[in-house]
Every structure is written in structure tokens, then in C-alpha cells.
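# Geometric and topological summary
Chain by chain, the residues run as shown.
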Amino acid sequence: LAEKVADVTVLNEKEKKQFAAEAIMMRNMAYFFMVRLWGDVPYYTKAYNTESLARTNMVTVLKNCVEDLKKVQQDLPWTYADPGRRAVRGLRGGALILLMHMEMWLAGFDDLNAQAHYRNAIDFGIELTTKNDGAYELLPFERYREIFKGRM
């Protein structure tokens, strides 16, 4: 999908980048779940691939996913004015959280680089909590019900 977005003529360049970033985020989230379930998995990098691939080491898959998503996460918005789009479209906060999860998973399986993965996870968390244009905040426990309200 990310490769096909460039051919859509009704979208402006910003929208094309955003849709491509959403597709890349979803692909990487799928790989994150597959790696967590099965470990090493076939890692397809070519759209419409028809040949069988051997399994790729899970650490390699996750490192590739992190690099892939890091390149495009800034093309995603922090939030939408329309609350109906917030839970169904890719957002930058979700991309950063996915990056944090992948880095933490890598820290557990890539012993030689564990400290770097922990540091990267922290850096993504700092970006999420301090550079989010007011879209995200840590809530005190007393306000936890607001998380489940929706349409806020």
C-alpha cells in the first residue's frame, strides 16, 4: 500500500506521506505481533512477493521495523480535530508507542545492544510525553475514567 499511495492523484503530498506512514505503521505492527507469537518469521520487503522466503531472525526483523517506522513517524499527526478519526487512523503517538515496544522487545533478545535499545525506548517516550503539541498527557489515577470516554 505505501508504494501505491504515490499514484493517488486526489491526495496532496502531505496526505500521501501520511497514508504511506499509516501503511508502514500497520505493516510494522503486524510484524511485531508475528515476532512475538512465532519468533523468526519470513520478512517480506517487496510488495506482491510471490516467492517463498525462509524465516528471518526476529532481532533482524524488529531492527528493520524500527528503522522503517522511524523514517516516517513524523509524517503522522499527533491527533485529529474530528474525534471520529482518532481511534481509526494512525497517529504519531501510536507509532512512538510501537517503537518503544519494539525497542524493549529487542533489549530482551539483543544482549549486546540492550542498553542502546533501552535508551532508544526512553528517547521515544520523552518525545511522546514532551513534544506532542498538547495531544497527550499522563493522567493522575483519579482521572482514569477519561481514558474510556472517547470523543473528547
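Here the structure is a predicted model, which means the values were calculated and not measured.

## Overview of the packing of aromatic side chains
Enumeration over the complete set of coordinates arrives at six aromatic pairs. A centroid spacing of 5.9 Å and a plane angle of 70° characterise the contact between Trp 78 and Tyr 136, whose relative ring orientation is edge-to-face. Residue Trp 78 is located in the loop between helix H2 (58-72) and helix H3 (92-109), and its partner Tyr 136 is located in the segment after helix H4 (114-130); the two are separated by 58 residues in the primary sequence. For Trp 78, a relative accessible area of 8% gives the class buried. On the basis of relative accessibility, which here comes to 28%, the residue Tyr 136 falls in the partly exposed class. Between Phe 141 and Tyr 144, the aromatic rings sit 5.2 Å apart at their centres with planes inclined by 25°, giving stacked as the arrangement.

## Some words on the packing of helix H1 (residues 13-38) against H2
Interaxial distance between H1 and H2 falls to 10 Å at its minimum, and their mutual angle equals 160°. The orientation of H1 with respect to H2, classified from their angle, is roughly antiparallel. As H1 runs across H2, the sense of the crossing is left-handed. Facing Ala 21, Ile 24, Met 25, Arg 27, Asn 28, Tyr 31, Phe 32 and Val 35 of H1, the residues of H2 in contact are Met 58, Val 61, Leu 62, Cys 65, Asp 68, Leu 69 and Val 72. Of the residues in the contact of H1 with H2, the class split is twelve nonpolar, one polar and two charged.

Cut-offs applied
Residues numbered from 1 in each chain as written. Predicted model: local features only at pLDDT ≥ 70, side-chain atom pairs only at ≥ 80, totals over all residues. Heavy atoms only, no water. Phe/Tyr/Trp six-rings, centres within 6.5 Å; stacked < 30°, edge-to-face > 60°. Helix = DSSP H or I, 4+ residues; strand = E, 2+ residues; numbered from the N terminus. Buried < 20%, exposed > 50% of the residue type's maximum accessible area, 1.4 Å probe, protein only. Axes fitted to C-alpha atoms, helices over the stretch in contact; angles between N-to-C directions. Parallel < 35°, antiparallel > 145°, perpendicular 65-115°, else oblique. Left-handed = near helix turned anticlockwise from the far one by under 90°. Contact = heavy atoms within 4.5 Å. Nonpolar A, V, L, I, M, F, W, Y, C, P; charged D, E, K, R; others polar.

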